[in-house]
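# Geometric and topological summary
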Amino acid sequence: MAVIPFFYVPKRVIVAIMLFMMCLINYMMRVNLSINIIAMVTERDENGTLVEQPDYGVRYDWTQQDQALLLGGYFYGYMITSLPGGTLAEMLGGRNVAGYSCLLGALLTALTPLAASWDKYAVFALRFLIGLVSGVVYPCCHNLVSKWSPPDEKGKFVASLMGGTFGTVITWPLCGLIIEGLGWVWAFYVVAAFVVVIVGLWFYLVSDTPAQHSSISIKEREYIENSLGGTLSKKAKWPPYRQLIVSMPFWALTLLHYGSMWGLFFLITATPKFLSEVLGFNLSSAGFLSSLPHIARLLAAFAFGSVADWIRNKGWWTLTFTRKFFCVPSHILPGIMLIILALCGRDPYVCVAIMTISLGFNGAATSTNLANSQDLAPNFAGTMYGIINCLGTTPGIFSPLIVAAFTEEKNTIDEWFWIFMIGAAAYILPAIFFWVFGSGKIQKWNEVQTTEPKEDVVNTKL
């Protein structure tokens, strides 16, 4: 038997790290416009007179509706390819589909300043295309998780997909500093260059399955494959769309994911504007403070994921009960915090604290909606996530339009009351539906016979 070097790093750990980085760069391309646009547009007072602003580069006279259109442009494209993204990953391999899509997204990101000099609709077209090529990334990542993650490490593995949250964390303050130091055009160029570097590492370090990895140890490969048992097919299969459509656990997951994405995308698209224009923070401060809720979400994601894995290893709860229990921190508590924000949010730092706590609790999504597709059908985890993420992307389109509608004539904390209340309902109602109809059992339409328990699979550790 081959000798494993003392310093051997498990390849599944490296894959998890690269999944984290792939999600990170995906979000960097997604969210950079949210803060860059503040430095790209003119501002007018109540009389329509231009307000003097810092010189960060050329500014464009785009209305609130124009800005909402541009911020939503990414999600129009993202929604289209998110749907077939999982199927593409299952048929062509998640590594190549995700890698080449991010490479193309980097090129389009670098072209954004040129598009802005042409017309706002050119920027919209570019953002649409960036979303179009990026929509496959998360379904591809879920496909790779289903191939690389032993069941008793699922929570921590899914938490690696929170790299997108860290992408938001570093992008907003980084772009704020770049804009103040070099101008807003460089905030696009730096992001694009970083994406190219990470994609190069992705192609070098990641493979679609443990069996295809060139340097994995035999012991680790056999551990992963044996732990997955008979839940995965060795051959690509066409997804069972008919069974999906009539599956109540699937629809419960879809609504749960939608609620989580509403809260997330609302904060991604609206927080910098809220902090800068309503609470009065400067651009770099707005970028830093906007990232605090996402830092909390990232840390909580790993904490909740580890706790869920620990509970599963102990065998205390069924997987179904675990998923439903963690809806309390992932959905109910964030919704309650948004209600508190709507009723009590007057002090700027109190608002930031409440928003941070709200999104922080949502980190428990690693043990609810982000993991449940792996439970229901490991063979089609990518396809399932692609479908729920397609629908879950629509809040990225709707939330900027809702914010623009409520703040068209006046933009104060009072106009944000109903915006926060809508967000609270989007969190809480899907959780209640999931409590009734959700499940953690492998569904019959997974199409693979397994001799393992339907609810919990406990493996011998490596």
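Residues numbered from 1 in each chain as written. Predicted model: local features only at pLDDT ≥ 70, side-chain atom pairs only at ≥ 80, totals over all residues. Heavy atoms only, no water.

## Things to note about the side chain of Ser-82
- Looking at where Ser-82 falls in the secondary structure, it is placed in helix α2 (residues 64–92).
- Within the structure, Ser-82 has its side chain in polar contact with the backbone oxygen of Gly-386 (distance 3.1 Å).
- A polar contact of 3.3 Å, which involves the side chain of Ser-82, links it to the backbone nitrogen of Cys-390.
- Ignoring any residue separated from it by four or fewer positions in sequence, one finds Ser-82 in contact with Gly-135, Pro-139, Gly-386, Ile-387, Asn-389 and Cys-390. (Helix = DSSP H or I, 4+ residues; strand = E, 2+ residues; numbered from the N terminus. Polar contact = N/O pair within 3.5 Å; in protein donor to acceptor, adjacent residues only side chain to side chain. Contact = heavy atoms within 4.5 Å.)

## Description of the pattern of salt bridges
- Within the structure shown, the criterion is met by 3 salt bridges.
- Residues Arg-12 and Glu-220 are paired through a salt bridge, measuring 3.2 Å at the closest nitrogen-oxygen approach. You can see Arg-12 sitting in helix α1 (residues 11–40) and its partner Glu-220 sitting in helix α10 (residues 218–228), a full 208 residues away along the chain.
- The class for Arg-12 is buried, based on a relative accessible area of 8%.
- Notably, a salt bridge pairs Lys-120 with Asp-66, separated by 3.1 Å at the nearest N-O pair. In this pair, Lys-120 is assigned in helix α5 (residues 120–134) and Asp-66 in helix α2, connecting sequence segments 54 residues apart. (Salt bridge = Lys/Arg side-chain N within 4 Å of Asp/Glu carboxyl O. Buried < 20%, exposed > 50% of the residue type's maximum accessible area, 1.4 Å probe, protein only.)

## Comments concerning the confidence of the model for the chain
- For the chain, per-residue confidence averages 82 on the pLDDT scale, and 86% of positions sit at 70 or higher.
- Within the chain, the element-level pLDDT minimum falls on helix α7 (residues 154–159), averaging 76, and the maximum on helix α9 (residues 184–205), averaging 95.
- Low pLDDT, under 50, characterises residues 448–462; the predicted model gives this stretch 44 contacts beyond four residues in sequence or across chains. (pLDDT = per-residue confidence, 0-100.)

## Structural notes on the nonpolar core
- Membership of the largest hydrophobic core comes to 117 residues, with the highest contact counts inside it found for Leu-19, Trp-62, Trp-184 and Trp-202.
- Here the element with the most residues in this core is α1; it accounts for 20 residues.
- Not counting residues up to four positions away in its chain, the partners in contact with Trp-202 are Met-18, Leu-19, Met-22, Gly-94, Arg-95, Ala-98, Gly-99 and Leu-144.
- With 6 residues, the next largest nonpolar core counts Ala-300, Ala-308, Ile-311 and Ala-364 among its residues. (Core = buried A, V, L, I, M, F, W, Y, C linked by side-chain atoms within 4.5 Å.)

## Notes on α5
- In this model α5 runs 21 Å from its N-terminal to its C-terminal C-alpha over 15 residues, within 8% of the 21 Å that 1.5 Å per residue would give.
- Of the positions making up α5, those classed as buried are Val-123, Leu-126, Arg-127, Ile-130, Gly-131, Val-133 and Ser-134. Buried residues of α5, seen end-on, are gathered within an arc of 170° and therefore sit on one face of the element.
- Buried residues belonging to α5 abut α1, α2, α3 (94–110), α4 (112–118) and α6 (137–148).
- With a side-chain oxygen lying 2.8 Å from the backbone nitrogen of Tyr-121, the N-terminal cap of α5 falls on Asp-119. (Expected span 1.5 Å × (residues − 1). Arc of directions from axis to C-beta.)

## Some remarks on the environment of Ile-216
- Secondary-structure assignment places Ile-216 in the loop between α9 and α10.
- Here Ile-216 falls in the buried class, since its relative accessible area comes to 13%.
- Distance in space between the C-alpha atoms of Ile-216 and Arg-12 is 8.8 Å, their sequence separation being 204 residues.

## Thoughts on helix α15 (residues 327–344)
- Helix length check: α15, at 18 residues, gives a terminal C-alpha distance of 25 Å against a target of 26 Å (1.5 Å per residue), a fit within 8%.
- Remark: the principal bend of α15, roughly 25°, maps to Leu-333, with a proline, Pro-334, within the next four residues.
- Along α15, the residues that are buried comprise Cys-327, Pro-329, Ser-330, His-331, Ile-332, Pro-334, Gly-335, Met-337, Leu-338, Leu-341 and Ala-342. (Bend = angle between axes of the 7 residues up to and from the residue.)

## Notes on the side chain of Ser-101
- By secondary structure assignment, the location of Ser-101 is in helix α3.
- Under the relative-accessibility criterion, Ser-101 is labelled buried at 8%.
- Here the side chain of Ser-101 touches Val-133 through a polar contact of 3.3 Å, landing on its backbone oxygen.
- Residues contacting Ser-101, with those up to four places away along its chain left out, are Val-133, Val-136 and Val-137.

## Description of the packing of α1 against α6
- Here α1 crosses α6 at 170°, and the two axes come no closer than 11 Å. The angle between α1 and α6 falls in the class roughly antiparallel. In contact with Lys-11, Arg-12, Val-15, Leu-19, Met-22, Cys-23, Asn-26, Tyr-27 and Arg-30 of α1, α6 contributes Val-137, Tyr-138, Cys-141, Leu-144, Val-145 and Trp-148.
- Residue classes in the contact of α1 with α6 are distributed as 11 nonpolar, 1 polar and 3 charged. (Axes fitted to C-alpha atoms, helices over the stretch in contact; angles between N-to-C directions. Parallel < 35°, antiparallel > 145°, perpendicular 65-115°, else oblique. Nonpolar A, V, L, I, M, F, W, Y, C, P; charged D, E, K, R; others polar.)

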